[in-house]
Amino acid sequence: MLFEIETLRGLEEFAASELKQTIGIKMARNRVDYRGRLAPLLSLRTAVAVHRYERFEGSRPTVILGDQRLREMLKFVTSADKFTGFRISSPGKDSAALRRVRDSVAASTGLPEHPEGDLLVRIRRDHTGWEVLVRVTARSLSTRPWRVADMPGALHATMAAVMVDLTAPRRTDRILNLCCGSGTLLAETRHGKHLIGVDNADPALQAARANLAAANRTRKDTVPTSLLRADAGKLPLTAQSIDVLLSDLPYGHTIGNHQDNRSLYPAILSEAARLASPGARFAACTQDMRLFEASITSDWHLEKQLRVHQRRAIPAIYLLRRTLT
């Protein structure tokens, strides 16, 4: 049975690695042949969504209609989750041929078509045929169930999972999340001795508190967490007391502004260097890459940079390591 694993472009290697480590299967071109229980696939933290995948040979989309596989795909998916409506994502979806496909989906599922339908069917044209993908869950995997409170500009949960994994937290590590916002990085951190989330805005800390409470209700691998209202550039914490640092920095669009970032970024990197133990790892995300890179001092060694393609932005994730002193 074929599945396509949807990822954020730029983070495919992390989904492939997670699949290999947790399920023992390889991903090729974001696809896997998998015949086990769905639960392991749906537990992937670095995947955006999982889709049933089939390819249909032919020049017109009506070739999909005469094939039992479409009905089998829809039956498989609708038996795995509860849906309230369906939507088709395809170029030319209002053509006569694709209207017939939409009618077939409605007849097979008994669901109404709706622009916000949670049963998502994607139809793509390739050189000699058509690819059909049906998302197996009513919402994407990146829409975490713990996110009960949101904030403008909140970090994508899949990116947060990758940032946490890049720093490889150990159970003995003390972890600091600078500019924690609504707590996405904190909620995605599953190992450590103690987590500290810092933000200077009360609404952000309230959202983080609610999200962490929701996350802790459904997980056994919780880490003791403290939330602190403070200026990220000057914290009441002991020097060299932190082993892992995480930050989704304000880009200057939805949150903050470019003028403030000119002083904020150097201050955060300087304070992070003061707090970091020798060899500490620091994963940071920003779209203001030029300013961030100009703010990196000799206190830090740049180990990795990743460009991530989101719908409206192409931020970068940086992995820094505190130089030994």
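Just above sits the structure.
Residues numbered from 1 in each chain as written. Predicted model: local features only at pLDDT ≥ 70, side-chain atom pairs only at ≥ 80, totals over all residues. Heavy atoms only, no water.

Draft legend 1. Summary view of the nonpolar core. In terms of nonpolar packing, the biggest core is built from 36 residues, with Ile5, Leu41, Ile123 and Val132 touching the most fellow members. No other element matches the four residues that helix α3 (residues 68–78) contributes to this core. Setting aside residues up to four positions removed in sequence, leucine 41 forms contacts with Phe3, Ile5, Leu19, Ile23, Tyr34, Val50 and Leu141. Membership of the second largest hydrophobic core comes to 32 residues, among which are Val164, Leu205, Ala215 and Tyr251. (Core = buried A, V, L, I, M, F, W, Y, C linked by side-chain atoms within 4.5 Å. Buried < 20%, exposed > 50% of the residue type's maximum accessible area, 1.4 Å probe, protein only. Helix = DSSP H or I, 4+ residues; strand = E, 2+ residues; numbered from the N terminus. Contact = heavy atoms within 4.5 Å.)

Draft legend 2. Seen up close, the packing of aromatic side chains. Overall, the coordinates contain five aromatic pairs when judged by the stated rule. Ring plane angle 55° and centroid distance 5.5 Å describe the contact between phenylalanine 282 and tryptophan 300, whose orientation is recorded as tilted. Taken together, the residues span a long stretch of sequence, with phenylalanine 282 in strand β11 (residues 276–286) and tryptophan 300 in strand β12 (residues 300–307) at a distance of 18 residues. With centroids separated by 4.6 Å and ring planes inclined at 35°, the aromatic side chains of phenylalanine 292 and tyrosine 318 adopt a geometry described as tilted. Pair noted here: phenylalanine 292 is in helix α9 (residues 289–295) and tyrosine 318 is in strand β13 (residues 316–322), with a separation of 26 residues, a long-range link. Given the relative accessible area of 0%, tyrosine 318 is considered buried. (Phe/Tyr/Trp six-rings, centres within 6.5 Å; stacked < 30°, edge-to-face > 60°.)

Draft legend 3. Molecular detail of the pattern of salt bridges. Throughout the structure, instances matching the rule amount to 23 salt bridges. The closest approach of N and O atoms between glutamate 188 and arginine 45, which form a salt bridge, is 3.6 Å. A residue pair is termed long-range when its members are at least 10 positions apart, and glutamate 188 in helix α6 (residues 184–188) and arginine 45 in the loop between α2 (38–42) and β3 (49–57) qualify at 143 residues. Across the pair, arginine 45 and glutamate 188 agree in class, each one buried. With a shortest N-O distance of 2.6 Å, glutamate 57 and arginine 55 are connected by a salt bridge. (Salt bridge = Lys/Arg side-chain N within 4 Å of Asp/Glu carboxyl O.)

Draft legend 4. Expanded view of the sheet that holds strand β1 (residues 2–6). Read across the sheet, six strands follow the order β2-β1-β3-β6-β5-β4 without closing on themselves; strand pairing throughout is mixed. Across the chains shown, the open sheet's two edge strands, defined by having one partner strand only, are β2 (31–33) and β4 (86–89). With direction set aside, neighbouring strand axes in the sheet form an average angle of 30°. Pairing analysis gives three bridges linking β1 to β2, with the strands arranged antiparallel. Across the sheet, residue glutamate 4 finds its bridge partner in β2, namely arginine 31. Sheet contacts for α3: β1, β3, β5 (119–125) and β6 (129–135); angle to β3, the most-contacted strand, approximately 170°. Where helix α4 (residues 96–109) meets the sheet, it contacts β4 and β5, and its direction lies at approximately 150° from that of β4. (Pairing = 2+ DSSP bridges. Axes fitted to C-alpha atoms, helices over the stretch in contact; angles between N-to-C directions.)

Draft legend 5. Representation of the sheet that holds β13. The mixed open sheet is built from seven strands, whose spatial order is β9-β8-β7-β10-β11-β13-β12. Looking at strand neighbours, the two that pair on one side only are β9 (225–229) and β12, the edges of this open sheet. On average, adjacent strands in this sheet sit at an angle of 15° to one another, irrespective of strand direction. Summarising the sheet, strand β7 (residues 174–178) and strand β10 (residues 242–248) pair through four bridges and their orientation is parallel. Residue leucine 178 lies in a different strand from β10, and its bridge partner there is serine 247.

Draft legend 6. Molecular detail of unusual backbone geometry. The residue asparagine 30 is not glycine, and still its phi comes out positive at about 65°. Secondary-structure assignment places asparagine 30 in the loop between α1 (12–22) and β2. By relative accessible area, which is 19% here, asparagine 30 ends up buried. Positive phi, close to 45°, is recorded for alanine 168, a residue that is not glycine. Tracing the backbone through its elements, the reader meets alanine 168 in the loop between α5 (157–167) and β7. The class of alanine 168 is partly exposed, set by a relative accessible area of 46%.

Draft legend 7. Structural view of α5. For α5, the tally of buried residues reaches ten of eleven residues, placing the bulk of the element in the interior. Listed in full, the buried residues belonging to α5 are Ala157, Thr158, Met159, Ala160, Ala161, Val162, Met163, Val164, Leu166 and Thr167. At the exit of α5 stands alanine 168, carrying a positive phi of roughly 45°.

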